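So the chains spell out like this:
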Amino acid sequence: MGTHTAVLLVTANVGSLFDHVGEIESQWLREFFKTVQVYKPRFVALHFQEVGGKDYMINMSHAENFLWKIESSEEMREFDRACIYVDNNFKAAENFTALGSMYFIHKSLKNIYQYDFSLKDFKAVSGNNKYVGMLDGVTTVVKEKFPKNFWPDFKWSRKGYMRTRWIIHNQGFDLVNVHLFHDASNLIACNESPSVYSGNRKKALRYVINRISDSSYTPLPFFLFGDFNFRLDTLSLVQNLSRSADIQMVKDSSNEVEKIICEDKDHDHKVAKVVLLHIETKHFAYLHQAIFREDNGRALLKYDKEVAAFHDVITEEEITFPPRCVPRRAPRPLSPLSLALPDSSVPPSLSYPYSEDYTKPTQYMNTRCPSWCDRILMSHSACLIIHREEGERSVVYNTLGSTVCMGDHKPVFLFFALKSNGH
């Protein structure tokens, strides 16, 4: 890497990890440590969402143990400084985001400073700095939960962002951990394009970008990485998938649509009709799943439109990894066997979650349309501080653990060389 600094950014929604304590956690850690070993970064940033999982009151101790395994591991022994921020105070519901950010600095990296948002100045990083709780009064991080009016239909939400600021070899930048709102219903997502959910995410992401770009602090290049919960343009996709189908809208007793069923109109009607597409609130099943699997789902990228609204301020490396499906949460407790490894008939790079029925370890859950939820985005100025080698893959944007079960989200990472700032 010469005078440049090797940087590894990782984002992971780890909620399901704590609902299935055991082998999945071990596999997650093995894959993360393997990635650190392969790329040999000098600065590692880990952004977690849903720390503690859905049952955070029960599982928060598991989450703390998971984080401890990372920071105390033999594999991370060469990183002699760390800054760790975990918002785990679920009793303070008005401020609880369940976000966790961990930053590790290699012993060979000397010229690094972290920003104090109270003093409005940078200071050298030394030792292990760990902050757990509400994070009130911690001056090296800014954490905010989204205002309630962003998601008026929910009583409360753990969505928000967490921001830190750094200088490495005179190059300053912000790192922002983000968790945006999900789609609550496939049927509602089909109503219009863009969907109401997409509109809520757009509002929240614009809020974050405005907050980190306002005049409170000197604007710097920034990296936004987390679970954006981006979805494909569902209405446009469904219209495309059902072009050769007879469409039925099944309504309930109150005249509300409860199912959309698309049947093959070219099929031989002497036998039972073939259902091409079946959509309910928490069900999305398409007969020809190959479109979601072939070439890592590349054919679906044209429906991935939510980032486009922000092209004036953010960009992203080319996506070459597969989309994921968001599973419906099942009742607890669940057997760790319910998230098993795929069999040999399934392409190993897929990030689709498996059935939570442990008797069907290789069956996919048809709950949501596949999408790229977990992303690493950056400002245009951040793109310019990434060093790129001619004819060499010096920037890697991919998923962790493509061949093993990592929970219902595959972590996404970006590895690159950070330019020094001309000194």
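Everything below is about the structure shown above.
Keep in mind that this is a model prediction, so the values were computed, not measured.

Rules of the game
Residues numbered from 1 in each chain as written. Predicted model: local features only at pLDDT ≥ 70, side-chain atom pairs only at ≥ 80, totals over all residues. Heavy atoms only, no water. Helix = DSSP H or I, 4+ residues; strand = E, 2+ residues; numbered from the N terminus. Buried < 20%, exposed > 50% of the residue type's maximum accessible area, 1.4 Å probe, protein only. Contact = heavy atoms within 4.5 Å. Areas by Shrake-Rupley, 256 points an atom, 1.4 Å probe, with all protein chains shown as cover. Salt bridge = Lys/Arg side-chain N within 4 Å of Asp/Glu carboxyl O. Pairing = 2+ DSSP bridges. Polar contact = N/O pair within 3.5 Å; in protein donor to acceptor, adjacent residues only side chain to side chain. Phe/Tyr/Trp six-rings, centres within 6.5 Å; stacked < 30°, edge-to-face > 60°. Axes fitted to C-alpha atoms, helices over the stretch in contact; angles between N-to-C directions. 1 Å grid on protein atoms, 1.4 Å probe; cavity = no way out; pocket = protein on both sides within 12 Å on 5 of 7 lines; lining within 4 Å. Points joined across faces, edges and corners; volume = space filled by probe spheres on them. Expected span 1.5 Å × (residues − 1).

Caption draft 1: Region of interest: the overall build of the protein chain. Summing up its helical and strand segments, the protein chain has seven helices and 20 strands in all. Expressed as a percentage of the 423 residues in the protein chain, the buried residues total 55%. Look at the contacts in the protein chain between residues 6 or more apart in sequence, and 71% of them connect residues 24 or more apart. Total accessible area computed for the protein chain in this model is approximately 18400 Å², and 50% of it derives from carbon and sulfur atoms.

Caption draft 2: Spotlight on the pattern of salt bridges. Under the defined criterion, the tally for this structure stands at 22 salt bridges. Ionic pairing is found between E144 and R211, a salt bridge with its closest N-O pair at 3.0 Å. With a gap of 67 residues between them, E144 in strand β8 (residues 142–145) and R211 in helix α4 (residues 196–213) connect regions that are remote in the sequence. You can call E144 buried: its relative accessible area is 17%. Within this structure, E74, R77, E78 and K107 form a network of salt bridges that share partners.

Caption draft 3: Layout of the pairing of strand β1 (residues 5–13). Of all the nine residues making up β1, nine are buried; the element is thus mostly covered by neighbouring parts of the structure. Relative to strand β20 (residues 412–418), β1 runs antiparallel, the two being bridged by seven bridges. Its bridge partner being in β20, T11 is matched across the sheet by V412. Both β1 and strand β2 (residues 43–49) contribute to a ladder of seven bridges, which runs parallel.

Caption draft 4: Structural view of the side chain of R163. Among the structural elements, R163 can be located in strand β9 (residues 160–168). Within the structure, R163 has its side chain in polar contact with the side chain of D174 (distance 2.9 Å). Contact partners of R163, with chain neighbours within four places excluded, come to F117, T140, V141, V142, D174, L175, V176, R211, I212 and Y217.

Caption draft 5: How the structure looks around the environment of D183. With respect to the helices, strands and loops of the structure, D183 is situated in the loop between β10 (171–179) and α3 (186–189). Exposure remark for D183: the relative accessible area of 3% places this residue in the buried category. Sequence separation of D183 and S195 is twelve residues, and the distance between their C-alpha atoms is 9.1 Å. Residues in contact with D183, not counting those within four places in the same chain, are A189, Y197, R201, R231, K282 and R368. Polar side-chain contacts of D183 include one of 2.8 Å to the side chain of R201.

Caption draft 6: Seen up close, the packing of aromatic side chains. Here the structure, examined in full by the defined rule, presents 28 aromatic pairs. Ring geometry for F48 against F66: centres 5.7 Å apart, planes inclined by 65°, an arrangement best described as edge-to-face. Here F48, found in strand β2, pairs with F66, found in helix α2 (residues 56–71); they are 18 residues apart in sequence, far enough to count as distant. Residue F48 is classed as buried on the basis of its relative accessible area of 0%. The exposure class assigned to F66 is buried, which follows from its relative accessible area of 0%.

Caption draft 7: Region of interest: the sheet that holds strand β12 (residues 245–251). Spatial strand order, β12-β13-β14-β15: four strands in an open sheet with antiparallel pairing. Here the strands that pair on one side only, and so sit at the sheet edges, are β12 and β15 (283–286). Each strand of the sheet is rotated relative to its neighbour by a mean of 10°, with strand direction disregarded. Across four bridges, the pairing between strand β13 (residues 257–264) and strand β14 (residues 275–280) is antiparallel. Considered in β14, the bridge of E263 is made with V275.

Caption draft 8: Main features of the layout of surface pockets. Quantified by volume, the second largest pocket comes out at close to 280 Å³. Lining the second largest pocket are 14 residues, and of these L187, C190, N191, V257 and I260 lie nearest its centre.

Caption draft 9: Focus on α2. Between its first and last C-alpha, α2 extends 21 Å over 16 residues, near the 22 Å set by a 1.5 Å rise per residue. Every buried residue of α2 is accounted for by Y56, N59, M60, A63, F66, L67 and I70. The secondary structure elements touched by the buried residues of α2 are α1 (23–39), β2, β3 (79–87) and β4 (100–106).

Caption draft 10: Here's a closer look at the side chain of K143. Its location among the elements puts K143 in strand β8. Among the polar contacts listed, one links the side chain of K143 to the backbone oxygen of N95, at a separation of 2.9 Å. Side-chain polar atoms of K143 contact the backbone oxygen of M134, separated by 3.2 Å. Each residue touching K143, except ones within four places of it in the same chain, is listed here: D87, N95, T97, M134, L135, Y161 and M162.

Caption draft 11: Broad picture of the pairing of β12. For β12 and β13, the ladder comprises seven bridges, and the chain directions are antiparallel. Residue pairing in the sheet places Q248 in a bridge with I261 of β13.

Caption draft 12: Summary view of unusual backbone geometry. In this chain, S193 is followed by P194 through a cis amide linkage whose omega measures -5°. Position of P194 relative to the elements: it lies in the loop between α3 and α4. Its identity as a non-glycine residue notwithstanding, D295 has a phi of 50°, on the positive side. With respect to the secondary-structure elements, D295 resides in the loop between α6 (290–293) and β16 (314–315).

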